[in-house]
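A closer look at the structure
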Amino acid sequence: MSEPVYDIAVVGSGFAGSLLAMIARRLGRSVILLEKGKHPRFAIGESSTPLSNLLLEDLTTRYDLPRLKPLTKWGRWQRAYPEVGCGLKRGFTFYHHELGEAETNDSDRTRQLLVAASPHDEIADTHWYRADFDHFLVLEAQAAGVCYLDEVGLHAASESEEEIRIDGTRNSAKLTVRAKFVVDATGPRGFLHRALSLRGRPLPGFPHTQALFSHFSGVRRLDEPQAQPFPVNAAAVHHVFDGGWVWVLQFNNGITSAGTAVTDRMAERLKLADGAPAWDRVLELIPVLKKQFAAARLERPFIHVPRLSFRSGCIAGKRWALLPSAAGFVDPLLSTGFPLTLLGISRLAEIIGTDSFGAGLSAYSAQTDSDLLAAARLIGALYKSMANFPLFVSISLLYFAAVSFAEMARRLGKSRLAGSFLLHDHPLFGPQCKALLDSILRAESLDSQDLTERILRIIEPFNVAGLGDPARRNWYPVEAEDLYRGASKLEATPDEISAYLATAMPGSYFQAV
Ligand SMILES: Cc1cc2nc3c(=O)[nH]c(=O)nc-3n(C[C@H](O)[C@H](O)[C@H](O)COP(=O)(O)OP(=O)(O)OC[C@H]3O[C@@H](n4cnc5c(N)ncnc54)[C@H](O)[C@@H]3O)c2cc1C
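Residues numbered from 1 in each chain as written. Predicted model: local features only at pLDDT ≥ 70, side-chain atom pairs only at ≥ 80, totals over all residues.

1. Re the domain arrangement of the protein
Rules: Residue ranges for the domains trace back to a domain assignment, done automatically or taken from a database.
Domain annotation of the protein identifies domain 1 (5–46 + 129–202 + 310–365), domain 2 (86–127 + 207–305) and domain 3 (388–504). For domain 1 versus domain 3, the distance between C-alpha centres works out to 33 Å.

Shown next, in the form of structure tokens:
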């Protein structure tokens, strides 16, 4: 008996594969989802952002997935699914360190940057505890009618005019899956990359980096300074130093995710491939982390990734497409993985909803690649400025200005103002930002003062968060007043801002300024 031909085969059941599979079912397609492992399982990539949550929420509405909607904000997640682990993320916290230097007082806040992403816990973002989160989604996909096969070993893919065929094994028996279209959701250097012998491509100007990470229990909380814009532990905490950075993300189940991403040069100095001893060397060099991890227990073995960034030379064919998470990866800095992946899911869903894929897929490839390059330019420039924290802060304002503008535009129903990731194809912001970042990536030496002035000029027409105001001294809470001041940049009336604030910050006092 010959195998059925599915409309869509999705390979990889991380959050992205399961979500896309569910959406394809909602679009009336027959779908098979193939996974090499078995849920629940560990996965890295945990910290969401306002843009990720807005994109996810939009998908839940557009494709009638109401059971996923609570996962888009901390408060409703806690009420609906307290058993699905997650962490509270109120914003981005950065601390700068000189490696090996004793902890110093930073009362003038020149070695820190705190940018709030939400005004209170109820609507805050989250860190997804992926073992629980991805397990939940794969069960939802099955409930939506997706045929799910785990523990598969796939080794080949071949295309013909009518279909694409995947060969492998399951439970020691031969497995053949036939589909009209395959979506690869297996991550960088994943299934189709190997099966179709796709080539990689460099990310121009981006340094070679490596990562080392694990999960811990017994990690202390950092001291909370007075009157900060949000509790510093309820955030994606970044410890930046010349040559790399460390992340610390705390979940509500006692687990902490921590790891480091560093240049090859720093990886060599730390002997990163050693795993646990290398992590101990990192802690020795950053006293505040040594204190925080003094009583920490390792919950699983360290993972060392010897080459972190990746860019596929080809993103889609006639009968297949790589999700953005399989097409490329830059770095965990700024949590760009989820929004890029969700943007790609949204674009692919529209293509799957039509009957002709061709033109849509070439636009999808181009958008996916240019989003990735925009992220790589920005994060590459941030790597280049890690020794110079004031400049690092200024460059990061490009990110915060672009995303806060895009997020508010979406919330106000004006997403046309901010179509692309990091506004990279905005006619004003895009070329100016690219020219500046390219000049940083090429420069032998960097003039912080001049670059900072240029950055402030670039972000001004998009700045709806008071960014760069010296009076704030690197602490940026969410302020209603900033939104009123930025209303015209968003082509919004004060009444529209008030209407948004009435839902986002109910009970708070605000008025047009
Ligand atoms: C160190 C690190 C930290 C990160 N931190 C963040 C962050 O904080 N925020 C953020 O937004 N992004 C982050 N990212 C990026 C993030 O991990 C990805 O965007 C996200 O995981 C993509 O989800 P996914 O479901 O596409 O892929 P994955 O989560 O990688 O899932 C892939 C699935 O495919 C399965 N699979 C793999 N190969 C095969 C095969 N041959 N056959 C069948 N199944 C297969 C795997 O078992 C897995 O279940 C980080 C990435 C790294 C490397």
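Now that the structure has been shown, we can carry on.
2. A few points about the site of the ligand
The test is simple: To decide nearness, the C-beta atom of each residue is placed from the backbone, and the residue is near a molecule or strand if that atom lies within 6 Å of it. Under the scheme used here, helices are H or I runs from DSSP no shorter than 4 residues and strands are E runs no shorter than 2 residues, and both carry numbers assigned from the N terminus. Residues were grouped as follows: Ala, Val, Leu, Ile, Met, Phe, Trp, Tyr, Cys and Pro as nonpolar; Asp, Glu, Lys and Arg as charged; and all remaining residues, including Gly, as polar.
Close to the ligand lie 33 residues; Gly-12, Gly-14, Gly-45, Gly-187 and Gly-337 are nearest. When residues of the shell around the ligand are traced back to their parent elements, those giving at least two are helix H1 (15–26), strand S8 (152–159), strand S11 (209–217) and helix H10 (337–352). Of the residues in the shell around the ligand, the class split is 15 nonpolar, 15 polar and three charged. Shared between two domains, the shell around the ligand takes at least three residues from each, and those domains are domain 1 (5–46 + 129–202 + 310–365) and domain 2 (86–127 + 207–305).

3. Section: the pairing of strand S6 (residues 125–128)
Rule in force here: Neighbour counting defines burial: a residue surrounded by 20 or more other C-beta atoms within 10 Å of its own C-beta is buried, one with 12 or fewer is exposed, and intermediate counts give partly exposed, using backbone-placed C-beta atoms. Following DSSP output, two strands are said to pair if at least two bridges run between them.
Across the two faces of S6 the burial is the same, with Asp-125 and His-127 and Thr-126 and Trp-128 all buried. Where strand S3 (residues 86–89) and S6 come together, four bridges link them in antiparallel fashion. From the neighbouring strand, Leu-88 faces S6, where its bridge partner is Thr-126.

4. Focus on the packing of helix H11 (residues 358–384) against helix H12 (residues 389–411)
A pair of packed helices can be characterised by two numbers: the angle between their axes and the separation between those axes. For clarity, the threshold we go by: Inter-axis angles, ranging from 0 to 180 degrees, are taken between N-to-C directions of lines fitted to C-alpha atoms, where helices are fitted over the stretch in contact. Relative orientations are named as follows: roughly parallel for angles under 35 degrees, roughly antiparallel for angles over 145 degrees, roughly perpendicular for angles from 65 to 115 degrees, and oblique for any other angle. Here a crossing is called left-handed whenever its near helix is offset anticlockwise from the far helix by less than a right angle, and right-handed whenever the offset is clockwise. A residue pair is marked as a contact if its C-beta atoms, positioned from the backbone, fall within 7 Å.
Running from N to C, H11 and H12 point in directions that differ by 165°, and their axes come no closer than 9 Å. With respect to their mutual orientation, H11 and H12 come out roughly antiparallel. The handedness of the crossing between H11 and H12 is left-handed. Contacts from Leu-378, Ala-381 and Leu-382 of H11 reach H12 at Phe-392, Ile-395, Ser-396, Leu-398 and Tyr-399. When the residues that make up the contact of H11 with H12 are grouped by side-chain class, the tally is seven nonpolar, one polar and no charged.

5. Topic: unusual backbone geometry
Residue Pro-40 follows His-39 across a cis peptide bond; omega there is -5°. Along the chain, the position of Pro-40 falls in the loop between strand S2 (31–34) and helix H2 (50–62). A positive phi angle, close to 50°, is found at Asn-171, a residue other than glycine. For Asn-171, the location among the structural elements is in the loop between strand S9 (164–170) and strand S10 (173–184). Overall, Asn-171 belongs to the exposed group, with 9 C-beta atoms counted inside 10 Å. Even without being a glycine, Lys-271 presents a positive backbone phi close to 50°. Relative to the assigned elements, Lys-271 resides in the loop between helix H6 (264–270) and helix H7 (276–285). On the basis of neighbour count, Lys-271 is assigned to the exposed category, with 11 C-beta atoms found within 10 Å.

6. Structural notes on the nonpolar core
For clarity, the cut-off: Defined on buried residues, the nonpolar core groups Ala, Val, Leu, Ile, Met, Phe, Trp, Tyr and Cys residues joined through C-beta atoms within 7 Å.
Ala-9, Leu-20, Leu-398 and Ala-402 are the most contacted members of the largest nonpolar core, which has 166 residues in total. Broken down by element, this core gets its largest block of residues, 16 residues, from H12. Among all residues touching Leu-398, those that are not within four sequence positions of it are Leu-378, Cys-433, Ile-455, Ile-458 and Ile-459.

7. A closer look at the pairing of S11
Among the nine residues that make up S11, seven are buried, leaving the element largely enclosed by the rest of the structure. Summarising the sheet, S11 and strand S14 (residues 255–263) pair through nine bridges and their orientation is antiparallel. Bridge pairing in S14 links Ser-217 to Ile-255. Pairing of S11 with strand S16 (residues 303–305), which is carried by three bridges, proceeds in the antiparallel orientation.

8. Considerations on the environment of Phe-216
Here Phe-216 lies in strand S11. For the pair Phe-216 and Ile-255, spaced 39 residues apart in sequence, the C-alpha separation works out to 5.6 Å. Every residue in contact with Phe-216, bar those within four places of it in the chain, is listed here: Thr-256, Ala-258, Phe-293, Ala-296, Arg-297, Leu-298 and Glu-299.

9. Considerations on the environment of Gly-45
Among the structural elements, Gly-45 can be located in the loop between S2 and H2. A C-alpha to C-alpha distance of 9.7 Å links Gly-45 and Ser-257, two positions 212 residues apart in sequence.

10. Notes on the packing of H1 against helix H4 (residues 130–143)
Their axes nearest at 9 Å, the elements H1 and H4 cross at an angle of 20°. With respect to each other, H1 and H4 are oriented roughly parallel. For the crossing formed where H1 meets H4, the hand is left-handed. Contacts between H1 and H4 involve Phe-15, Ser-18, Leu-19, Ala-21 and Met-22 from the first element and Phe-133, Asp-134, Leu-137, Val-138, Glu-140 and Ala-141 from the second. Its residues assigned to classes, the contact of H1 with H4 shows eight nonpolar, one polar and two charged.

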